[in-house]
Amino acid sequence: MVQLLARFFIKNYEQTESPSVRQSYGVLCGSVGIGFNILLFIGKFLAGFFSGSIAVTADAFNNLSDAGSSIITLVGFKMAGQKPDSDHPFGHGRIEYLSGFLVAVIILIMAFELLKSSVDKIIHPEPIDTGILVIVVLAVSILVKIYMFCYNKSVAKKIDSAAMDATAMDSLSDSVATTVVLIATLVSFFSGIQIDGYCGVIVALFVGMTGFQDHSDRK
């Protein structure tokens, strides 16, 4: 879909060495990311609200933070594409790398918050009221996040963008996180056993490692 949109909205879309084309790709992917993440947030929030699932609701707000990450990436590309001025004689290209760093920081913050919530669930376990709707929403979310990872990774390689690569890894970590939530939901649905707190700790550590790796790559 992104490549199709690029053909329609990006002039000379194959000339990825052009700063203006790179900027257009960043803005396009950022816009698509914002749209997907907001839709995922709405779907998961409603599913979590009606089912009473704290894990699904938390995962919904994780997608909302991803929408914020996409906005940061979009703004970073817009600013990086500005022409040189007296204060920035060599242009604003470094802003793209700063936006990638901010994405990594957001991942680390979300990992810390997820870890705290997961430990609290282990100490104070609560039953999850699961249903088919929740399972379907989580499954669709995983597929969407995998698709987002693929197109962000492809564009990152195409335009050699650190910010897009960070966004791709964020999408991958989200798909893994949602998969663990889905597994916990299925276990609760079929057996009544509550393992979401322990699964949350695993997800938090994975997400934290992803964010730390993104930060190390930018040193």
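Placed above this text is the structure.
Predicted model, so just to flag it, every value in this text is computed and none were measured.

Regarding the packing of helix α5 (residues 132–159) against helix α6 (residues 162–191)
Where α5 meets α6, the axes come as close as 8 Å, and the angle between the chain directions of the two elements is 165°. Classified by the angle their axes make, α5 and α6 are roughly antiparallel. Seen from above, α5 lies across α6 with left-handed handedness. Partitioning the contact of α5 with α6 into residue classes produces 20 nonpolar, 8 polar and 4 charged.

Side note on the environment of F50
Here F50 lies in helix α2 (residues 19–51). In the structure, F50 is positioned 84 residues away from V134 in sequence and 9.2 Å away in space, judged by C-alpha atoms.

Focus: the pattern of salt bridges
Tallied over the full model, the rule gives 4 salt bridges. Between D59 and K44 there is a salt bridge whose closest N-O contact spans 2.7 Å. Of this pair, D59 sits in helix α3 (residues 54–80) while K44 sits in helix α2, placing them 15 residues apart in sequence. The exposure class of D59 is buried, given its relative accessible area of 5%.

Some words on the packing of aromatic side chains
What characterises a pair of aromatic rings is the spacing of the ring centres plus the angle enclosed by the ring planes. A full pass over the atoms with the stated rule returns 8 aromatic pairs. With a centroid separation of 6.0 Å and an interplanar angle of 90°, the aromatic rings of F45 and F61 are classed as edge-to-face. You can see F45 sitting in helix α2 and its partner F61 sitting in helix α3, a full 16 residues away along the chain. Judged by relative accessible area, which is 31%, F45 ranks as partly exposed. Each member of the aromatic cluster is reached from another via a ring pair, and the members are F41, F45, F49, F50 and F61.

What to know about the environment of D66
With respect to the helices and strands, the residue D66 is situated in helix α3. Note: C-alpha distance between D66 and I107 (41 residues apart in sequence) is 8.7 Å. Those residues in contact with D66 that sit more than four places away from it in its chain are N37, K145, D170 and D174.

Remarks on a nonpolar patch on the surface
A surface patch of nonpolar side chains, amounting to about 770 Å² of accessible area, comprises I38, I42, F45, L46, F49, F50, F61 and L64. If you list the elements that add at least two residues to the nonpolar patch, you get α2 and α3. Per-element tally for the nonpolar patch: the top contributor is α2, with 6 residues.

Digging into the environment of L182
Topologically, L182 is positioned in helix α6. Each C-alpha atom of the pair L182 and A139 lies 7.3 Å from the other, and the pair is 43 residues apart in sequence. If we ignore the near neighbours within four places in the chain, the residues touching L182 are I135, L138, A139 and I142.

Let's talk about the side chain of S188
Tracing the backbone shows S188 in helix α6. With near-sequence residues (within four places) excluded, S188 lies in contact with I128, T130, I193 and Q194.

Things to note about the nonpolar core
Among soluble globular proteins, nonpolar side chains are generally buried collectively. Ranked by internal contacts, the top residues of the largest apolar core, which has 18 residues, are I10, Y25, Y151 and V155. Elements with a minimum of two residues in this core: α1 (2–9), α2 and α5. Here this core takes 7 residues from α2, the largest share from any one element. With near-sequence residues (within four places) excluded, Y25 lies in contact with Q3, A6, I10, Y13, T16, V155, K158 and I159.

Some thoughts on the packing of α2 against α5
Where α2 contacts α5, the axes come no closer than 11 Å and their chain directions differ by 170°. With respect to each other, α2 and α5 are oriented roughly antiparallel. For the crossing formed where α2 meets α5, the hand is left-handed. Touching R22, Y25, C29, V32, G33, F36, N37, L40, G43, K44, A47 and S51 of α2 are V134, V137, S141, V144, K145, Y147, M148, Y151, N152, V155, K158 and I159, all from α5.

Points about α6
In this model, α6 (30 residues) spans 44 Å end to end at C-alpha, consistent with the 44 Å of a helix rising 1.5 Å per residue. The backbone nitrogen of M164 has a side-chain oxygen 3.1 Å away, supplied by the residue at the start of α6, namely S161. Positive phi appears at G192, one or two residues downstream of α6, with a value of about 80°.

Procedures and definitions
- For every chain, the first residue of its written sequence is number 1, and the numbers climb from 1 along that sequence.
- For a predicted model such as this one, the threshold for reporting local features is a pLDDT of at least 70, and the threshold for listing and counting side-chain atom pairs is 80 or more; totals across whole chains, interfaces and linings nevertheless cover every residue.
- Working from all heavy atoms in the structure, the side-chain values ignore hydrogens and water.
- Where helices are involved, their axes are fitted lines through C-alpha atoms of the stretch in contact, as for all axes, and angles between N-to-C directions lie from 0 to 180°.
- The way it works is that DSSP assigns letters per residue, a run of H or I at least four long becomes a helix, a run of E at least two long becomes a strand, and they are numbered from the N terminus.
- If an angle is under 35 degrees, it is roughly parallel; if it is over 145, roughly antiparallel; if it lies from 65 to 115, roughly perpendicular; otherwise it is oblique.
- Take the far helix as the reference: if the near one is turned anticlockwise from it by less than a right angle, the crossing is left-handed, and if turned clockwise, right-handed.
- The classification used treats Ala, Val, Leu, Ile, Met, Phe, Trp, Tyr, Cys and Pro as nonpolar, Asp, Glu, Lys and Arg as charged, and all other residues, Gly among them, as polar.
- In the sections that follow, a salt bridge refers to a side-chain nitrogen of Lys or Arg positioned within 4 Å of a carboxyl oxygen of Asp or Glu.
- Think of it in three bands: residues with accessible area under 20% of the maximum for their type are buried, residues over 50% are exposed, and the middle band is partly exposed, with areas taken using a 1.4 Å probe on protein chains only.
- Two rings from Phe, Tyr or Trp (for Trp, the six-membered ring) form a pair when their centres are within 6.5 Å of each other. A pair whose planes differ by under 30 degrees is stacked, one over 60 is edge-to-face, and the rest are tilted.
- Two residues qualify as a contact provided that any one of their heavy atoms is within 4.5 Å of a heavy atom in the partner residue.
- The patches described consist of residues with a relative accessible area above 30% and no salt bridge, like charges being joined within 9 Å and nonpolar side chains (Val, Leu, Ile, Met, Phe, Trp, Tyr) within 5 Å.
- For the area figures, the Shrake-Rupley method with a 1.4 Å probe applies, and any residue is considered shielded solely by the protein chains shown.
- To form a nonpolar core, buried Ala, Val, Leu, Ile, Met, Phe, Trp, Tyr and Cys residues must be joined to one another through side-chain atoms within 4.5 Å.
- One less than the number of residues in a helix, times 1.5 Å, gives the span that helix is expected to have.
- Polar contact is defined as a pair of N or O atoms within 3.5 Å, subject to the rule that within protein one atom must be able to donate a hydrogen and the other to accept it, and that residues adjacent in sequence are counted only when both atoms are side-chain atoms.

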